[in-house]
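Remarks on the overall topology
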Amino acid sequence: MRYIKEILKNNKLWVLAYIGLGIFNAFMANYKTDYFQKVIDGLAAGTLTFAGVITYGLILLVNYCMNYLDNYPEKKLEYGIYLDFKLLSLRKISTIDYTEYQKIGTGKLVQRIENGSSAGRNVVFNFWLRLIRDLLPTIVFSVYFIWKIDKIITYILFVGYILIFIITNILLKFLYKIKEKILNSEELFNHFLVRGFMEMLVFRMSKQFPSEIKKTRSAKEDIVSSKVKMNMIHEAFFTIFALLVAMLDIGILFYAWKTKNLTVGSIVALIALIENAYTPIAIFNVLYVQYKLDKASYKRFEEFLDLKEDNQLRNGDAIHTDIGEISIKNLSFQYEERKIIDDLSLFIKRGQKIAFVGESGSGKSTVIKILLGLLKYNQGEIYLGDMELSGICLNNLYDRVSYISQDVPVFDGTIKENLVFEKNVSEEQMLDALKEVQLSHLVENLAEGLDTEIGEKGTCLSGGEKQRLAFARLWFENPELVVLDEATSAMDNLTEENVMKSVMLKMKDKTVIAIAHRLNSIAGFDRIILFREGKIVGQGTFEELLHTDSYFKELYNANVQ
Ligand SMILES: Nc1ncnc2c1ncn2[C@@H]1O[C@H](COP(=O)(O)OP(=O)(O)OP(=O)(O)O)[C@@H](O)[C@H]1O
């Protein structure tokens, strides 16, 4: 409920206006019907005056005008609340704990956010706000006006209410089960859909698309049949209510005929007021059922919003030292039961160029992620300058670190955005930076130049071009530590050599840590650290290791073959 409260608080004024207008309109709707009774009875008795007709006209005018005005806060809140929930999810991703983030599947998450945002909107807007501003006032005012006309009919009305609640609760039990099934099937459906879109080549080349489509179709069948079932149960509510109201209408006619107690105006008003009294109950029941079902979707969304945060992002000490000097002492790390880093110690001097080398899965990226504060360690110590990493505010750290990741290091945006994000930089400077990473030709040949969109995951660029674009960012940052996680893996040898030469010159005073599988690219580094099964098993310069370390020689020979 904390997120709902937050969204309501952010829209406080519109919420109050919407509730106020709703209560006023509910009163006017019933007052209009009550006044209509007086007009008809006045007409029958010959006592109707000109002023009475004009007053009735004015009541109608105010009623319709206010109903029209009601649309403004209604739509503002309806659309706004839905999108506010979606915004919450982006805010969540910006602060989520990295290990939690690793567990999230994009397809399922997108569906969960979609379902959760519309469910959250329904809970707030379609249920609570409608109940407070619309249904409850309409029921209260119509019951009041019915009570004024005839008390016995009011008692019968209440018996009807109880009957409806009993029926609703029986039907709800069926609906819960169906809704749970729909949510699971929808998440599954989206999971297949998104992985098909994102990994098109994997599925095409392995000829798995027919089986993927079959599984997606089966999820679709489940969703459709469950949704149809749910809709039929929902519609049954309205049919039951319509029958009940019809029975009451007949009852009133029968009662009026038998007792001769009611005037024509009263009969007309009663029939309209009963409609007013029951329609909100009918709507309430449907909304209540929907509310309960929406809460199930919303709960899943809230589970995502409640995932662990990385509190270190905003909290911790501000950095007062150069972080280029790094000291790791007896560091261990494990994923659940599995030890990945085992009692690792390492000292890096400021300005040194260090390469992490070792077989796949030996823990190189894990150490990098720990150094960047993404993964949290609880054994050992890491000092950046004289500050312990676990006490540092990470947003402060990220001002001093440049990181090029192993996965696609670019995002869906223009070349310019990928280069400088939102910084104000002249075109000339950007072109110069692109030249340094051998990318000038790319921009020169594009009609839109720096404003060219590179597509999701940079699909319009080659693997090596994406990496070079990420490298060019370094020309607009002023880091004390540069971390490169297999950042040149997709480049050809010659391009890699030239780009690394440029980068090393630019970063000559900075500490650089690079993970590399292609050993030639790090031949000029100050020190190479050899990783095996989460431990450091050797270190030295390229030449030293080549002559003294059999594991390094093995890696090197495999490289040059
Ligand atoms: N989220 C995770 N949950 C569990 N285990 C993980 C997770 N991420 C990585 N691992 C495991 O941790 C080990 C070390 O992975 P890491 O990415 O550090 O290796 P690496 O040396 O960088 O490998 P590569 O050179 O292939 O990138 C691997 O065995 C990997 O399976």
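Residues numbered from 1 in each chain as written. Predicted model: local features only at pLDDT ≥ 70, side-chain atom pairs only at ≥ 80, totals over all residues. Heavy atoms only, no water.

**Regarding the overall build of the chain**
From N to C terminus, the chain includes 19 helices and 10 strands. Against the 2.2 N^0.38 benchmark of 24 Å for 561 residues, the chain shows a C-alpha radius of gyration of 34 Å, more extended than a compact globule. Dimensions of the chain, computed from the C-alpha atoms along their principal axes, are close to 115 × 45 × 45 Å. The proportion of buried residues among the 561 residues of the chain is 49%. Of all intrachain contacts in the chain linking residues separated by at least 6 positions in sequence, the fraction that spans at least 24 positions is 78%. Computed over 66 positive and 68 negative side-chain charges, the separation of the two mean positions in the chain equals 7 Å. (Helix = DSSP H or I, 4+ residues; strand = E, 2+ residues; numbered from the N terminus. Rg over C-alpha atoms; globule rule 2.2 N^0.38 Å. Buried < 20%, exposed > 50% of the residue type's maximum accessible area, 1.4 Å probe, protein only. Contact = heavy atoms within 4.5 Å. Lys, Arg positive; Asp, Glu negative; His and termini not counted. Charge placed at Lys NZ, Arg CZ, Asp CG, Glu CD.)

**Concerning the site of the ligand**
Taken together, 15 residues lie around the ligand, and Arg-338, Ser-360, Ser-365, Thr-366 and His-517 are the ones closest in. A distance of 3.4 Å separates a nitrogen atom of the ligand from a polar side-chain atom of Tyr-335. Take Gly-361: an N or O atom from its main chain is 2.8 Å from an oxygen atom of the ligand. Protein chains bury 69% of the 640 Å² of accessible surface belonging to the ligand in isolation. Going through the elements one at a time, strand E2 (338–348) and helix H11 (364–371) are the ones with two or more residues in the shell around the ligand. Looking at the shell around the ligand element by element, the count peaks at 3 residues for H11. When its residues are assigned to classes, the shell around the ligand shows 2 nonpolar, 9 polar and 4 charged. (Near = heavy atom within 4 Å. Polar contact = N/O pair within 3.5 Å; in protein donor to acceptor, adjacent residues only side chain to side chain. Areas by Shrake-Rupley, 256 points an atom, 1.4 Å probe, with all protein chains shown as cover. Nonpolar A, V, L, I, M, F, W, Y, C, P; charged D, E, K, R; others polar.)

**Some thoughts on the UniProt feature "domain: ABC transporter" (unreviewed entry) in the chain**
UniProt records the feature "domain: ABC transporter" (unreviewed entry) for residues 326–558 in the present numbering. Counting secondary structure, residues 326–558 comes out at 32% helix and 26% strand; the distance between its end C-alpha atoms is 31 Å. (UniProt positions renumbered as here; feature names shortened; annotations may be inferred.)

**Details of the pattern of salt bridges**
One side chain can pair with another of opposite charge once the charged atoms of both are near each other. According to the stated counting rule, one finds 24 salt bridges in the structure shown. For Asp-70, the salt bridge identified is with Arg-133, shortest N-O distance 2.5 Å. Here Asp-70, found in the loop between helix H3 (50–69) and helix H4 (71–95), pairs with Arg-133, found in helix H6 (residues 106–149); they are 63 residues apart in sequence, far enough to count as distant. Between Glu-212 and Lys-215 there is a salt bridge whose closest N-O contact spans 3.2 Å. Of this pair, Glu-212 and Lys-215 both sit in helix H9 (residues 209–259), 3 residues apart, roughly one helical turn. When its relative accessible area of 35% is taken as the criterion, Lys-215 is described as partly exposed. Overlapping salt bridges bring together Asp-34, Lys-38 and Lys-148 as one network. (Salt bridge = Lys/Arg side-chain N within 4 Å of Asp/Glu carboxyl O.)

**Let's talk about the nonpolar core**
Within the largest apolar cluster, 49 residues are counted, with the highest numbers of intra-cluster contacts made by Leu-419, Leu-469, Phe-471, Leu-484 and Phe-552. Contact partners of Leu-469, with chain neighbours within four places excluded, come to Val-410, Ile-415, Asn-418, Leu-419, Leu-434, Leu-439, Ile-454 and Leu-461. (Core = buried A, V, L, I, M, F, W, Y, C linked by side-chain atoms within 4.5 Å.)

**Some details on the packing of H3 against H4**
Here H3 crosses H4 at 20°, and the two axes come no closer than 4 Å. The orientation of H3 relative to H4 falls into the category roughly parallel. For the pair formed by H3 and H4, the contact residues are Asn-67, Tyr-68 and Leu-69 on the first element and Asn-71, Tyr-72 and Pro-73 on the second. (Axes fitted to C-alpha atoms, helices over the stretch in contact; angles between N-to-C directions. Parallel < 35°, antiparallel > 145°, perpendicular 65-115°, else oblique.)

**Here we look at a nonpolar patch on the surface**
Taken together, the side chains of Phe-50, Ile-54, Leu-58 and Leu-61 define a hydrophobic patch exposed on the protein surface, amounting to about 440 Å² of accessible area. Within the secondary structure, Phe-50 sits in helix H3. For Phe-50, a relative accessible area of 68% gives the class exposed. (Patch = residues over 30% accessible without salt bridge, like charges linked within 9 Å, V, L, I, M, F, W, Y side chains within 5 Å.)

**Describing the side chain of Ser-185**
Tracing the sequence through the fold places Ser-185 in helix H7 (residues 151–198). Beyond its immediate stretch of four places on either side in the chain, Ser-185 contacts Ala-219, Asp-222 and Ile-223.

**Here's the deal with the sheet that holds strand E4 (residues 379–384)**
Spatial ordering of the open sheet is given by E2-E1-E4-E5, a layout of 4 strands whose pairing is antiparallel. Lying at the two open borders of the sheet, with one neighbouring strand each, are E2 and strand E5 (387–388). Bridge analysis of E4 against E5 gives 2 bridges, and the strand direction is antiparallel. From the neighbouring strand, Tyr-383 faces E5, where its bridge partner is Glu-388. (Pairing = 2+ DSSP bridges.)

**A short note on the side chain of Thr-495**
The topology assignment puts Thr-495 in helix H17 (residues 493–506). According to the relative accessible area criterion, Thr-495 is buried, its value standing at 11%. A polar atom in the side chain of Thr-495 sits 2.4 Å from the side chain of Asp-492. In contact with Thr-495, not counting residues within four places along its chain, are Gln-438 and Arg-468.

**Quick word on the packing of aromatic side chains**
Per the counting criterion, the structure on display carries 27 aromatic pairs. Seen in terms of ring centroids, Tyr-18 and Phe-125 are 5.5 Å apart; in terms of plane orientation they differ by 10°. Their pairing is stacked. One end of the pair, Tyr-18, is in helix H2 (residues 12–45); the other, Phe-125, is in helix H6, with 107 residues separating them in the sequence. As far as burial versus exposure is concerned, Tyr-18 and Phe-125 are alike and both buried. With 4.9 Å between their ring centres and 50° between their planes, Phe-356 and Phe-531 make a pair best called tilted. Taken together, the residues span a long stretch of sequence, with Phe-356 in strand E3 (residues 353–358) and Phe-531 in strand E9 (residues 527–532) at a distance of 175 residues. Classification of Phe-356 as buried rests on a relative accessible area of 0%. According to the relative accessible area criterion, Phe-531 is buried, its value standing at 0%. Feature note: the residues Phe-27, Tyr-31, Tyr-35, Phe-36, Tyr-56, Phe-141, Tyr-144 and Phe-145 constitute an aromatic cluster, connected by ring pairs. Lying across the ring of Tyr-18, Arg-133 places its NZ or CZ 3.7 Å from the centre. (Phe/Tyr/Trp six-rings, centres within 6.5 Å; stacked < 30°, edge-to-face > 60°. Lys NZ or Arg CZ within 6 Å of the ring centre and 35° of its normal.)

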